[in-house]
Structure formats: C-alpha cells, structure tokens
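Chain by chain, the residues run as shown.
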Amino acid sequence: MSTITHSVIRNCPNCDADLPLEALACPKCHSLVHSVRLDQLAKDARALEVRGLYPQARELWEYSLPLLPQDSKQAEWVRERIRALQAVESGAVDTQSASSSSAGPQTAKPKPPPPNWVKKLGPFGPIALLLLKFKSAFFLIFKLKFLFSFAFFIFLYVGIFGWRYGLGISVCILIHELGHFIDIKRRGLPAEMPVFLPGFGAYVRWSALGVTRRQIAQISLAGPLAGWIAAAICYLIYGQTHDPLWAALARTGAFLNTLNLIPVWMLDGGKAAYALAAVDRAALLTLTLGLWYYTGEGLFFFVAAGITWRLFTKDKPQQSDLNVWLYYAALLVALAVLLHATPNTIANQGFAGR
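Residues numbered from 1 in each chain as written. Predicted model: local features only at pLDDT ≥ 70, side-chain atom pairs only at ≥ 80, totals over all residues. Heavy atoms only, no water.

Chemist: Please clarify how the overall build of the protein chain should be interpreted in this entry.
Modeler: Counting its regular elements, the protein chain contains 16 helices and four strands. Of the contacts made within the protein chain by residues no fewer than 6 positions apart, 63% connect residues no fewer than 24 positions apart. Looking at the protein chain as shown, the accessible area adds up to about 20,700 Å², and 66% of this sits on carbon and sulfur atoms. (Helix = DSSP H or I, 4+ residues; strand = E, 2+ residues; numbered from the N terminus. Contact = heavy atoms within 4.5 Å. Areas by Shrake-Rupley, 256 points an atom, 1.4 Å probe, with all protein chains shown as cover.)

As structure tokens, this is what we get:
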C-alpha cells in the first residue's frame, strides 16, 4: 500500500515556482526561500561584530545556518565565520596559556630529527624543509592574485597607451570591479577580490546560489554604476583643466560601461536582464532607441539589438521589477549624457604626456 505525503506548497518569491514548505532553496531558480530573513540576520550580525559583541554575533550566524542548504557555499561561509568568531572569543582569555605559565618551568623536549625524505633529497633537503615551513607564505602569494594581475594589467596598458592614459584607464576599470565586489560583500555573500585579464577586462568570482534575480541584477549593475562615477569624475576634472587626457578617460569609461550593459553573454547587462519581464525589456528597448537617436552613438544600437534578442528568449520572469528597470534605465541615461558631452575629443586632440 503506497502512502502519500501531503505538504503545503508555497510560491517562490523569485520565479513563482511551487515549493514544499520544508524547501530551503528553489529547485528551479536556486534562490533561497528565507533570503529576506537571512539578509536581516547577516546585517544584524555584522552590526554586532562592529560593536565587538562577538558572542551575540556568533549566535545570529548560528541561527541562520538551519535556513541555508547545508551543502551551499553560503552555509560553508557562515560556518567559517562562526569558527572565526569562536577563535576571537577564545583568544580573549587564553586559559591554556595561563595554566601553562603558572605551572612553572618545564623540561624542554628534544628537537625531533628531520624526516627521512629530507635526507633523501641530499643538499636540496634543507631548502625543501624551509619551503614547507613557509607554505603559508606561498598560499598568501596565491591570495594576492588580485595585486599581481592588476600590476600586469597596468604594465600592459601603460606600454600600449603611455603611463598617464594606461594607468588612468586601469584605475577606472578597477573602480568598476570594486563596485561589484563592495555590493556583494555588503550583502554578506562570499566573494574574491577582482582578477584582471589583460586585453579582456576583469571579473569578480562570487557565489550566486540562493540569490534572487533582483539581487543578481543589482550586483551586476553596481559595476557600471561605479564605472560611471569614475568616468564622471574624469569629465569634471577635464572641465577644470581642459586636459584632453581626462576627456579621453571619461569617454572611454562611459563607452566601456555602456558596452557592459549590452544584455548578452557574461556582460553585466546580460545578468541584469534576467530580472526583467517582457514588458520591462520592451520599455527598455524603447528607451535605448531614444538614446541612440539623442546621442548618435552607434553603441546604443548594439544595446538595443541585445534587448531585442532578449525579448524572444525564454528566461523572462512573470512579474515585472520596476526597481531593476529604473536602475538599468538610469544607468543608460547617465552614460548617454556623458558620452554626448565628450564627443570626439580623443580623436581631435590625442593623448598628451605619454
């Protein structure tokens, strides 16, 4: 005789899929069922950490664990955070050190002989043993791939465009990537520092498991927002100095960030478009065509072409998201104004001070 388990079905707040009550993540879009509660817990826990209330912060992180799929990267990150806070708490009163110090002098243990593999390496044995002792330093070097990749990124662009423009555009791209990174970290999500690929750009590695479409869109658009701010600052400096270098940086920054808003492939616009319903995409297409007419910039034709393609893809949510649409549209307008304000200054005046 078969049995039927009756479970209350809920609706996923992200994709409208039906969910059993005990589900922690949507099987369709992988968004977390308790994402709102988890965001609030993470915010409160971080506030407690800032105030130095580590035990209370740890309790909030522990409370969030049952709300996360245990095999998710978010759960792994929370467990690491709990261990770190436990280490801080135990480090405040080191009872083991206190007991050992009060026990009086102890007999020193003889130094153990080196392992057999060290002897087999002959004269290279001590070197290998030294490298093994400093293995943590080598792990640190790998963690610094952000600095190494950024340094090589600057080196390449300075060699091609001269030190002023090469350094300036590298910093503008760094600001764009930090926009993503800061937005991810402020949400309590695990992320790595940006990695730069000379000739291709840069990326920030992070885990999107359990993150809603709106959150992915907001994180994706945070990069172009930061990039627009950097480009706008360059334009303001150009207005004060009339140095064509700053106009070149402003226009290049605006161009690259607009290019990133084309909703295709792995570009920021491609990820942000997942949160836009069909009516949102149609409205964005109308706006983009108007910006193409206003600026005369052919780049907006490609943005419009990408949006047109996304009108026929099957990844559209059923509900509109005005918040994401306004974010996306405001960025396109702001970048269009900046591009229109710096027409052909680079071609006419060139770069000074290579």
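Chemist: Can you walk me through helix α1 (residues 35-50) in this structure?
Modeler: The periodicity of an α-helix, 3.6 residues per turn, causes residues three or four places apart in sequence to face the same way. Given a rise of 1.5 Å per residue, 16 residues ought to cover 22 Å, and the 23 Å separating the end C-alpha atoms of α1 matches this to within 8%. Among all positions in α1, only Ser35, Leu38, Leu41, Ala42, Ala45, Leu48 and Glu49 are buried. Buried residues of α1 fall within an arc of 145 degrees about the axis and therefore sit on the same side. In α1, the exposed residues that point more than 90 degrees away from the buried face are Val36, Lys43 and Val50. Where α1 ends, the next residue or the one after it, Gly52, has phi of about 80 degrees, a positive value. (Expected span 1.5 Å × (residues − 1). Buried < 20%, exposed > 50% of the residue type's maximum accessible area, 1.4 Å probe, protein only. Arc of directions from axis to C-beta.)

Chemist: Quick question: what am I supposed to make of the packing of helix α8 (residues 145-161) against helix α9 (residues 163-186) here?
Modeler: How two helices sit against one another is set out by the angle between their axes and by the gap between those axes. The interhelical angle for the contact between α8 and α9, taken along N-to-C directions, is 145 degrees, at an axis separation of 7 Å. For the element pair α8 and α9, the recorded crossing hand is right-handed. Touching Phe146, Phe150, Phe153, Ile154, Tyr157, Val158 and Phe161 of α8 are Trp163, Tyr165, Gly166, Leu167, Ile169, Ser170, Val171, Ile173 and Leu174, all from α9. Considered class by class, the residues forming the contact of α8 with α9 number 14 nonpolar, two polar and no charged. (Axes fitted to C-alpha atoms, helices over the stretch in contact; angles between N-to-C directions. Left-handed = near helix turned anticlockwise from the far one by under 90°. Nonpolar A, V, L, I, M, F, W, Y, C, P; charged D, E, K, R; others polar.)

Chemist: Explain the nonpolar core to me, please; I cannot follow it from the model alone.
Modeler: Within soluble globular proteins, side chains that are nonpolar generally end up buried alongside one another. Ranked by internal contacts, the top residues of the largest apolar core, which has 27 residues, are Leu221, Leu261, Leu276, Leu284, Phe300, Tyr328 and Leu332. Elements represented by at least two residues in this core include exactly α10 (213-241), α13 (278-295), α14 (299-310) and α15 (322-341). The element contributing the most residues to this core is α15, with ten residues. Contact partners of Tyr328, with chain neighbours within four places excluded, come to Leu221, Leu261, Ile262, Pro263, Gly269, Ala272, Ala273, Leu276 and Leu284. Of all hydrophobic cores here, the second largest spans 17 residues; its members include Phe146, Ile169, Cys172 and Cys234. (Core = buried A, V, L, I, M, F, W, Y, C linked by side-chain atoms within 4.5 Å.)

Chemist: Whenever I open this one, the pattern of salt bridges confuses me. Can you help?
Modeler: Pairing is possible between side chains of opposite charge, provided their charged atoms come close. Under the criterion given, the structure shown has ten salt bridges. Across the pair Arg58 and Glu62 runs a salt bridge whose closest N-O atoms are separated by 3.0 Å. With Arg58 and Glu62 both in helix α2 (residues 54-64) and four residues apart, this pair spans about one turn of that helix. A relative accessible area of 31% means that Glu62 is categorised as partly exposed. Across the pair Arg251 and Glu297 runs a salt bridge, and its minimum N-O distance is 2.8 Å. Of this pair, Arg251 sits in helix α11 (residues 244-260) while Glu297 sits in the loop between α13 and α14; the two residues are 46 residues apart in sequence, bridging distant segments of the chain. The pair formed by Arg251 and Glu297 is uniform in burial state, with each residue classed as buried. It is possible to trace a salt-bridge network through shared partners that takes in Asp183, Arg186 and Arg187. (Salt bridge = Lys/Arg side-chain N within 4 Å of Asp/Glu carboxyl O.)

Chemist: It is not clear to me how a nonpolar patch on the surface should be interpreted in this structure. Could you clarify?
Modeler: There is a patch of nonpolar side chains on the surface, built from Trp163, Leu167, Val171 and Ile175 and spanning about 340 Å² of accessible area. If you trace the backbone, Leu167 turns up in helix α9. (Patch = residues over 30% accessible without salt bridge, like charges linked within 9 Å, V, L, I, M, F, W, Y side chains within 5 Å.)

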